[in-house]
Amino acid sequence: MTATIIDGKSVAAKVRWQCRERTDELQARHGVVPGLAVLMVGDDPASAVYVRKKIQACADVGIQSHKFLFSRDEKQSVVIDKIRELSADPKIHGILVQLPLPKHFDLQEVLGAIDQEKDVDGFHLYNVGGLVVGGTVFPPCTPYGVMLMLDNSGVEIAGRNAVVVGASNIVGKPMALMLMNREATVSVCHAKTRDLAQFTILADILIVAAGCPNLITGPMVKSGAVVIDVGINRLPNGQLVGDCDFEAVSRRASKITPVPGGVGPMTVTMLLVNTISSAERSCAGRPNAIPGAVGAALID
């Protein structure tokens, strides 16, 4: 068996085309241009690259971006004051704090300062809590993108055994909640899981977000499983790889995402989707939250 590649670039391109149509309609009908504010503290090179990609993506679909840079030794109170100022600005529909933050910052306090109606990264406690009860205003971007990729690839979720490797607040935990909201039977593994293979071999859908290159090998994967590799790791030779041994796993899986070119393009794309949704909500008087079954409605 040779796995079919789930092409994140292709799926992202479809969604971004729809994003462009939605921003054009917002401007034509309401005179509104969606606005995204991006705050970055420090000069981490990887974060700088991600911010540039997000700003370019905004420009491509008609979102106006606003970048705010702070030195690494900036006081947390200064950043929070700026967040509150942006939260009160009607021209700003989304606020994103680029992670990681310097060690002297309290992450939850900073994220908690973002207006929940503008938390387009989906990290505010309000949005995380919404996932628990089966609906949220803005789903976290990476798991949201994974759900859309599964739906676009025709993967049945309800009743399937899903295993999530990695239990972070950004990917693993919300990913598990989204899958449960779609009636999958979910197991969550993490750094202290003993005999990881006994869990992964049972997965119909295996989602790996552990940040460990080649963690998942061929014998650990059930024949015919769908494998989503969220990990992105740079080897000493400069090569980018995921958390799976791609060659070995692709010989057992039915579908698999590559690294790069898989989940990565979807993360930025879903940030655009959430920002446009926020602008639409501002024009429509804040309609109900997005239901737990996110994904399929975005692509025909």
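To start, this report covers the structure provided alongside it. Note that the structure is predicted; figures quoted are calculated from it, not measured.

Conventions and cut-offs
Residues numbered from 1 in each chain as written. Predicted model: local features only at pLDDT ≥ 70, side-chain atom pairs only at ≥ 80, totals over all residues. Heavy atoms only, no water. Helix = DSSP H or I, 4+ residues; strand = E, 2+ residues; numbered from the N terminus. Rg over C-alpha atoms; globule rule 2.2 N^0.38 Å. Buried < 20%, exposed > 50% of the residue type's maximum accessible area, 1.4 Å probe, protein only. Contact = heavy atoms within 4.5 Å. Axes fitted to C-alpha atoms, helices over the stretch in contact; angles between N-to-C directions. Parallel < 35°, antiparallel > 145°, perpendicular 65-115°, else oblique. Left-handed = near helix turned anticlockwise from the far one by under 90°. Nonpolar A, V, L, I, M, F, W, Y, C, P; charged D, E, K, R; others polar. Patch = residues over 30% accessible without salt bridge, like charges linked within 9 Å, V, L, I, M, F, W, Y side chains within 5 Å. Areas by Shrake-Rupley, 256 points an atom, 1.4 Å probe, with all protein chains shown as cover. Salt bridge = Lys/Arg side-chain N within 4 Å of Asp/Glu carboxyl O. Core = buried A, V, L, I, M, F, W, Y, C linked by side-chain atoms within 4.5 Å.

A word on the overall build of the protein. The secondary structure content of the protein amounts to 10 helices and 13 strands. Here the C-alpha radius of gyration of the protein, 19 Å, is about what a compact globule of 300 residues would show, namely 19 Å. Summarising its shape, the C-alpha atoms of the protein cover approximately 55 × 45 × 35 Å along the three principal directions. The buried share of the protein, taken over its 300 residues, is 51%. In the protein, the share of contacts with a sequence separation of at least 24, taken over all contacts with a separation of at least 6, comes to 72%.

Turning to the packing of helix 1 (residues 8–30) against helix 10 (residues 264–284), a few remarks are in order. Between helix 1 and helix 10, the shortest axis-to-axis distance is 9 Å and the interhelical angle comes to 20°. By the criterion of interaxial angle, the relationship of helix 1 to helix 10 is roughly parallel. In terms of crossing hand, the pair formed by helix 1 and helix 10 is left-handed. Seen from helix 1, the contacting residues are Gly8, Lys9, Val11, Ala12, Val15, Arg16, Cys19, Arg22, Thr23, Leu26 and His30; seen from helix 10, they are Pro265, Met266, Val268, Thr269, Leu272, Val273, Ile276, Ser277, Ala279, Glu280 and Cys283. Each residue belonging to the contact of helix 1 with helix 10 can be placed in one class, and the counts come to 13 nonpolar, five polar and four charged.

Moving on, we get to a nonpolar patch on the surface. Where nonpolar side chains cluster on the molecular surface, the patch consists of Val49, Tyr50 and Ile232 and spans about 250 Å² of accessible area. Tracing the backbone through its elements, the reader meets Ile232 in the loop between strand 9 (226–229) and strand 10 (233–234).

Our focus in this paragraph is the nonpolar core. Counting 51 residues, the largest nonpolar core has Leu36, Val146, Leu150, Leu179, Ile207, Ile228 and Val230 as its most contacted members. With eight residues, the top contributor of residues to this core is helix 10. Apart from residues lying up to four places away in sequence, Ile228 is in contact with Ile6, Val146, Leu150, Leu206, Ile207, Val208, Thr257 and Val263. Counting 19 residues, the second-largest nonpolar core is a separate cluster that includes Leu39, Val41, Leu99 and Leu111.

This brings us to the environment of Gly242. Here Gly242 is to be found in the loop between strand 11 (240–241) and helix 9 (246–250). For Gly242, a relative accessible area of 5% translates into the label buried. It is 30 Å that separates the C-alpha atoms of Gly242 and Lys67, two residues lying 175 residues apart in sequence. The contacts of Gly242, once residues within four sequence positions are left out, are Cys212, Pro213, Asn214, Asp229, Gly231, Asn233 and Val259.

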